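Working through the structure, step by step
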Amino acid sequence: MDLRYGVNPHQSARIDASGPQPLRLLHGSPSYINLLDALNAWQLVHQAAGALGGPAAASFKHVSPAGVAVAGEPDATMREVWDLSGPIGALTSAYVRARDADPKCSFGDLIAVSHPVDRELAEFLARVISDGIVAPGFDEGTLEILGRKKRGSFLVFEADPGYQPPAWERREVFGMVLEQEQDLLPVTPESLKVVAGPALPPEAVNDAILGMITLRYTQSNSVVYLKDGMTLGIGAGQQSRVDCTRLAGAKAANWWLRRNPAVRELALSDGLSRQDRLNWQVRFAEGDITPGESAVLQKAAEGALPDLSAGARAEWVGKLEGLTLASDGFIPFRDNIDYAGRYGVRYVVEPGGSMRSEDVAAACDELGMTLVHTGIRLFHH
């Protein structure tokens, strides 16, 4: 089957559609990257739902997740941002929580959900900017709603939950064919071995499992911060692990800052789109608006900007607590732990085995964190 284009528009692309396939295209014309996103995202939510026993959702961009979550109650900020009133279904809540993790990066995402799309979710998705969705089924009438998105170009993939991949996967790079076994190692609570600090509470066990499954489908090196069944920050594709830790921590801090009253009170023109409003809230929360941006924001704001000093930001971030940090590879130095401590991390989950494991354990003990070794590296390239 021919694809719309390859990794770049000047590259032709196709897939071999002979034999059993994990996905079936129902609508639209995908590109090479769309397929990579759909395949990775579906595996992530399918495994997360199986491991945690409920609906899961992911928001994918450029072959890594921007946000991942299981079903749960949206908080007041999510309800305000996404125009939610009254109770919502589990599947919709999972996607709202996933998208709200990093809404700036989720703009134009490839959505994955673990359960069939119902009408409520389809109608919600009609109001957000996304490129496509992968799901194991679609309730009556939902395909018509989704098919109208993006002027009829919205991508819809149906996943086969019963599909079994070959024992070995292969790819060709620059004329060389590489093969390796599929990464099918189970991720379970039994994988979590506490080596420092008190035992993990049940909610942290679930966050650890969700974090490990998320890392399995995130470009390495990668680190993820989680709380209450959702990712708050994902640092992906960095050459240095501490850069992953800092990036994911900054994203988690920004998620929390969006809950600050000053950010929520930022008055913006009704003429702005939801995404423009979100982007300004994110930039205002980050606190490093450029002079050029400041002039534009002043025009978009209705009245004076709320007062949110650097000190007030730091004080607010200091209230973030109870987070789980998961790392796809071992933590090599204690600086990762020191940075994690700035963002309320209480539980650290990593493979273990670095030459400085004792230093890492000592840092966790010093900062009151529980350190968990899994013995499982989860690189993804």
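Before any of the text, the structure's been laid out above.
Owing to the predicted nature of the structure, the values given are computational and were not obtained by experimental measurement.

Calculation rules
- Residues numbered from 1 in each chain as written.
- Predicted model: local features only at pLDDT ≥ 70, side-chain atom pairs only at ≥ 80, totals over all residues.
- Heavy atoms only, no water.
- Salt bridge = Lys/Arg side-chain N within 4 Å of Asp/Glu carboxyl O.
- Helix = DSSP H or I, 4+ residues; strand = E, 2+ residues; numbered from the N terminus.
- Buried < 20%, exposed > 50% of the residue type's maximum accessible area, 1.4 Å probe, protein only.
- Core = buried A, V, L, I, M, F, W, Y, C linked by side-chain atoms within 4.5 Å.
- Contact = heavy atoms within 4.5 Å.
- Polar contact = N/O pair within 3.5 Å; in protein donor to acceptor, adjacent residues only side chain to side chain.
- 1 Å grid on protein atoms, 1.4 Å probe; cavity = no way out; pocket = protein on both sides within 12 Å on 5 of 7 lines; lining within 4 Å.
- Points joined across faces, edges and corners; volume = space filled by probe spheres on them.
- Nonpolar A, V, L, I, M, F, W, Y, C, P; charged D, E, K, R; others polar.
- Axes fitted to C-alpha atoms, helices over the stretch in contact; angles between N-to-C directions.
- Parallel < 35°, antiparallel > 145°, perpendicular 65-115°, else oblique.
- Disulfide = S-S within 2.5 Å.

Now for the pattern of salt bridges. Scanning the entire structure with this criterion turns up 21 salt bridges. The salt bridge involving Arg119 is made with Glu123; its shortest N-O contact spans 3.2 Å. Of this pair, Arg119 and Glu123 both sit in helix H4 (residues 119-125), separated by four residues, roughly a single helical turn. Note on Arg119: relative accessible area 45%, which makes it partly exposed.

What follows is about the nonpolar core. Membership of the largest hydrophobic core comes to 66 residues, with the highest contact counts inside it found for Ile133 and Tyr225. Ranked by residue count, the leading element in this core is helix H7 (residues 241-257), at seven residues. Leave out the neighbours within four places in its chain, and Ile133 touches Leu110, Ile111, Val113, Val117, Leu125, Phe138, Leu146, Phe154, Leu155, Val156 and Phe157. Membership of the second largest hydrophobic core comes to 43 residues, among which are Ala13, Trp42, Ala56 and Phe157.

Another aspect to go through is the side chain of Ser64. For Ser64, the position within the fold is in strand E3 (residues 64-70). Judged by relative accessible area, which is 8%, Ser64 ranks as buried. Polar side-chain contacts of Ser64 include one of 3.0 Å to the backbone nitrogen of Gln219.

Now for empty space enclosed by the protein. For the structure on display, the rule yields one cavity of 30 Å³ or more. Reported here for the largest cavity is a volume of approximately 60 Å³. Together, Thr77, Glu80, Val81, Arg258, Val263, Arg264 and Gln281 line the largest cavity. Listed by contribution, the elements that provide at least two residues to the lining of the largest cavity are helix H2 (76-81) and helix H8 (261-264). For the lining of the largest cavity, the element with the most residues is H2, which contributes three residues. Grouping the amino acids of the lining of the largest cavity by side-chain chemistry returns two nonpolar, two polar and three charged.

Remark: H7 packs on helix H11 (residues 310-317), axes separated minimally by 10 Å, with the N-to-C direction vectors making an angle of 100°. By the angle between their directions, the pair H7 and H11 is classed as roughly perpendicular. When H7 is examined against H11, the residues Ala253, Trp256 and Leu257 are found in contact with a partner set consisting of Arg313, Trp316 and Val317. When the residues that make up the contact of H7 with H11 are grouped by side-chain class, the tally is five nonpolar, no polar and one charged.

If you walk through the whole model with that rule in mind, you get zero disulfides. Left unpaired, Cys364 is separated from the closest cysteine sulfur, that of Cys244, by 17 Å. Given the relative accessible area of 0%, Cys364 is considered buried.

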